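Residue-level structure breakdown
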Amino acid sequence: MMITNAANFLTGLANPTRFLSVAAKILPWMSAITLVLFAVGLYLSIQAPEDYQQGMTVRIMFIHVPSAWLAMLCYSVMAAAAIGTLVWRHPLADVAAQAAAPLGAAFTFLALLTGSLWGKPMWGTWWVWDARLTSVFVLFLMYLGLIALNRAMDDPTRSARVSAILILVGYVNIPIIKFSVDWWNTLHQPASVMRLDGPTIHPSMLYPLLVMALAFSMLFFTLHIMAMRNEIWRRRVATLRRQAARSVSG
Amino acid sequence: MTHLAYVLLSYGICAATIAIMIAWVLLDQRARLAELAELEARGVKRRSDPGSQAGSADV
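About the thresholds
Residues numbered from 1 in each chain as written. Chains lettered and ligands numbered in written order. Predicted model: local features only at pLDDT ≥ 70, side-chain atom pairs only at ≥ 80, totals over all residues. Heavy atoms only, no water. Axes fitted to C-alpha atoms, helices over the stretch in contact; angles between N-to-C directions. Helix = DSSP H or I, 4+ residues; strand = E, 2+ residues; numbered from the N terminus. Parallel < 35°, antiparallel > 145°, perpendicular 65-115°, else oblique. Left-handed = near helix turned anticlockwise from the far one by under 90°. Nonpolar A, V, L, I, M, F, W, Y, C, P; charged D, E, K, R; others polar. pLDDT = per-residue confidence, 0-100. Contact = heavy atoms within 4.5 Å. Phe/Tyr/Trp six-rings, centres within 6.5 Å; stacked < 30°, edge-to-face > 60°. Lys NZ or Arg CZ within 6 Å of the ring centre and 35° of its normal. Buried area = accessible area lost by both parts, 1.4 Å probe. Salt bridge = Lys/Arg side-chain N within 4 Å of Asp/Glu carboxyl O. Polar contact = N/O pair within 3.5 Å; in protein donor to acceptor, adjacent residues only side chain to side chain.

**Points about the packing of helix α3 (residues 58–88) of chain A against helix α4 (residues 93–123) of chain A**
All names here are of chain A.
- Contact geometry of α3 with α4 gives a least axis separation of 7 Å together with a crossing angle of 155°. Looking at the two axes, α3 sits roughly antiparallel to α4. By crossing handedness, the relation of α3 to α4 is classed as left-handed.
- Classifying every residue of the contact of α3 with α4 gives 20 nonpolar, 8 polar and 1 charged.

**Re the confidence of the model for chain B**
- With 78% of its residues at a pLDDT of at least 70, chain B reaches an overall mean of 84.
- Ignoring residues within four places in sequence, the model shows residues 53–57 of chain B, a span with pLDDT below 50, making 7 contacts including any to other chains.

**Looking at unusual backbone geometry**
- Notably, R89(A) is not glycine yet its phi reads approximately 50°, a positive angle.
- With respect to the helices and strands, R89(A) occurs in the loop between α3 and α4.

**Overview of the packing of aromatic side chains**
- On inspection of all chains with the given rule, the structure shows 14 aromatic pairs over all chains.
- The interplanar angle of 55° and the centroid separation of 6.1 Å between the aromatic rings of W126(A) and Y6(B) together place this pair among those described as tilted. Within this pair, whereas W126(A) is found in the loop between α4 and α5 (131–152), its partner Y6(B) is found in helix α1 (residues 3–41), the two belonging to separate chains.
- Ring-pair connections join several aromatic residues into one group, and the members of that group are F38(A), F107(A), F216(A), F220(A) and F221(A).
- For the cation-ring pair, K178(A) lies above F179(A), with the distance from its terminal atom to the ring centre recorded as 6.0 Å.

**Topic: the interface of chain A and chain B**
- Contacts between chain A and chain B engage 46 residues on the former and 32 residues on the latter.
- With both chains or domains summed, chain A and chain B bury close to 3500 Å², and 76% of this area falls on carbon and sulfur atoms.
- Linking chain A with chain B are 1 salt bridge, by the criterion used here.
- The residue D28(B) makes a salt bridge to R234(A) at a minimum N-O spacing of 2.8 Å.
- On the surface where chain A and chain B come into contact, there are 4 residue pairs in polar contact (both at pLDDT 80 or more).
- When residues of the side of chain A that touches chain B are traced back to their parent elements, those giving at least two are α2 (16–47), α3, α4 and α8 (203–249) of chain A.

What follows is the structure in structure tokens.
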């Protein structure tokens, strides 16, 4: 019964008009939850103790790690949307992928920049071409390439399939990013939260990190729904203009 | 630079990037709604709108 209801809800969302109506109802709530999570997350981040090795620079981790997670989550959302475009031709799948790309680029940029700002005082260098850093940089370039591809084509339905295939091919980079620290000898430290044997971080630093990760995730989902709504309107404007041009010429 | 400077710079850049993302989405929203309002004022309506002749699956 619950699965049927969920399936009906998702099928209903396939209609862009229905999606716009649901988005208008949930966006104020999502924005409020995001604000509360950021307020709590920032408070916990300030209250967290300094690390015995990193000192106060450990606080950079509370924004660097969520940014890096979101960089990968955003690409995973785009990959799921790409499957929706290629397999089910879901009307909102391409809209979701296109709307997510600039947000993913921004989070990846943040991960690279805050990582660099942490690396200088801790490693003594802004940047090294190790496997983790390089694969995240490749992810950033992939986001820029997908944004450029979407902008280069006038008709979004034509670019949808090409874009979806490129997204799925590029998805190979996500496990490379995740496991690069295990597969190769990198300056970047191995995973300390998402491990089979549990997190190795002390709770006093783990909780601020998790709350900030939730805040970043809510921010992404809120902005993604807003950007999807904008993309639907953009396509409606294009359709209406074509319709108006046809009625004038006909 | 001191460690505090690295922390403040990181949070500052993070806040600025998030502010730019929010501004981009809101400005885009305003521009799209203005375009739709302008088309509506000219009497251009979607085929699936009530009062139109045919339904449409247009996004």
